[in-house]
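The residues making up each chain are set out below.
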Amino acid sequence: MKRIFLFLLPLAISAVFISCSTGFRISKEEKQSLNQLLSRISPELLGKVVFEKINAEKPGVFELETKGSRLVVRGNNLNNITAGLGWYLKYYCNSGTYWGEHRNSIPDELPVLPEKIRKESSYEYRYYMNYCVDAYTTKYWKWDRWEREIDWM
């Protein structure tokens, strides 16, 4: 019995390690979506921002860090990655997208973060709009208007 345990233990540890290390990579489609978002809100950010996924126990987590001349934005899902990007644009670049409008241009050289920033939300669910918004003007929106709204969300 002890031999079986000693034989299976390394296999179990390696299986956990492999699943953790590969389970949080940004897929090709997710990377494409994030780059398309950057190209819409601020094309000059392409190549200056790196996106990564992280494992986190809380439902809403993002991290920001400067590595060289690039901003690294990490989150446990795409929503939190984009929330991290928005937070950086708002608080470090005095810029961002608000209800489809851009506020202030982003500096050519991105502001350097003095240390890694980690923000956590304790909320499992977050809501956007209320139940009657779609009964007003949104039913008349075309795709370009929806795309701007999704970016803002």
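Everything in this summary refers to the structure shown in the same document. (Residues numbered from 1 in each chain as written. Predicted model: local features only at pLDDT ≥ 70, side-chain atom pairs only at ≥ 80, totals over all residues. Heavy atoms only, no water.)

Considering the pattern of salt bridges
Working definition: two side chains of opposite charge can pair if their charged atoms are close together. Quick reminder of the rule: One speaks of a salt bridge when a side-chain nitrogen belonging to Lys or Arg is within 4 Å of a carboxyl oxygen belonging to Asp or Glu. A run of H or I in DSSP counts as a helix once it spans at least four residues, and a run of E counts as a strand once it spans at least two, with each numbered from the N terminus. Burial here depends on accessible area, computed with a 1.4 Å probe over protein chains only, as a share of the maximum for the residue type. Under 20% is buried, over 50% is exposed, and the range in between is partly exposed.
Scanning the model with the defined rule gives 10 salt bridges in all. Across the pair Glu147 and Arg40 runs a salt bridge, and its minimum N-O distance is 3.3 Å. Within this pair, whereas Glu147 is found in helix H4 (residues 143-152), its partner Arg40 is found in helix H2 (residues 28-41), the two being separated by 107 residues in sequence. On the accessibility criterion, Glu147 (23% relative accessible area) is partly exposed. For Arg40, a relative accessible area of 34% corresponds to the partly exposed category. With a shortest N-O distance of 3.0 Å, Glu149 and Arg145 are connected by a salt bridge. Taken as a pair, Glu149 and Arg145 lie in helix H4 at a separation of four residues, close to a single helical turn. Take Glu149: its relative accessible area is 0%, and that puts it in the buried class. Exposure remark for Arg145: the relative accessible area of 19% places this residue in the buried category.

Observations regarding unusual backbone geometry
Located in the positive-phi region is Asn94, a residue other than glycine, with phi close to 50 degrees. Assignment of secondary structure puts Asn94 in the loop between helix H3 (78-91) and strand S4 (96-98).

Quick word on the pairing of strand S3 (residues 70-75)
Short version of the rule: We treat two strands as partners when DSSP finds at least two bridges between them.
Judged by how many residues are buried, S3 sits mostly within the fold: five of six residues are covered. Linking strand S2 (residues 60-67) back to S3 in an antiparallel pair, the connection comprises two residues, with Gly68 at a positive phi of about 65 degrees.

A word on the environment of Glu115
The topology assignment puts Glu115 in the loop between strand S5 (101-103) and strand S6 (117-121). For the pair Glu115 and Leu64, spaced 51 residues apart in sequence, the C-alpha separation works out to 8.5 Å.

Comments concerning the sheet that holds strand S1 (residues 49-53)
Heads up, the rule is: Fitting a line to C-alpha atoms yields each axis, with helices limited to the stretch in contact; the angle taken between N-to-C directions then spans 0 to 180 degrees. Every residue pair with non-hydrogen atoms within 4.5 Å of one another is taken to be in contact.
With mixed pairing, the four strands of this open sheet are ordered in space as S1-S3-S2-S6. Single-partner strands in this sheet number two, and they are S1 and S6. When strand polarity is set aside, the average angle formed by the axes of neighbouring strands in this sheet is 15 degrees. As paired strands, S2 and S3 are joined by six bridges and run antiparallel to one another. Opposite Glu65, over in S3, you have Val72 as the bridge partner. Across the sheet, H3 touches S1, S2, S3 and S6, and the angle it forms with S2 is around 55 degrees.

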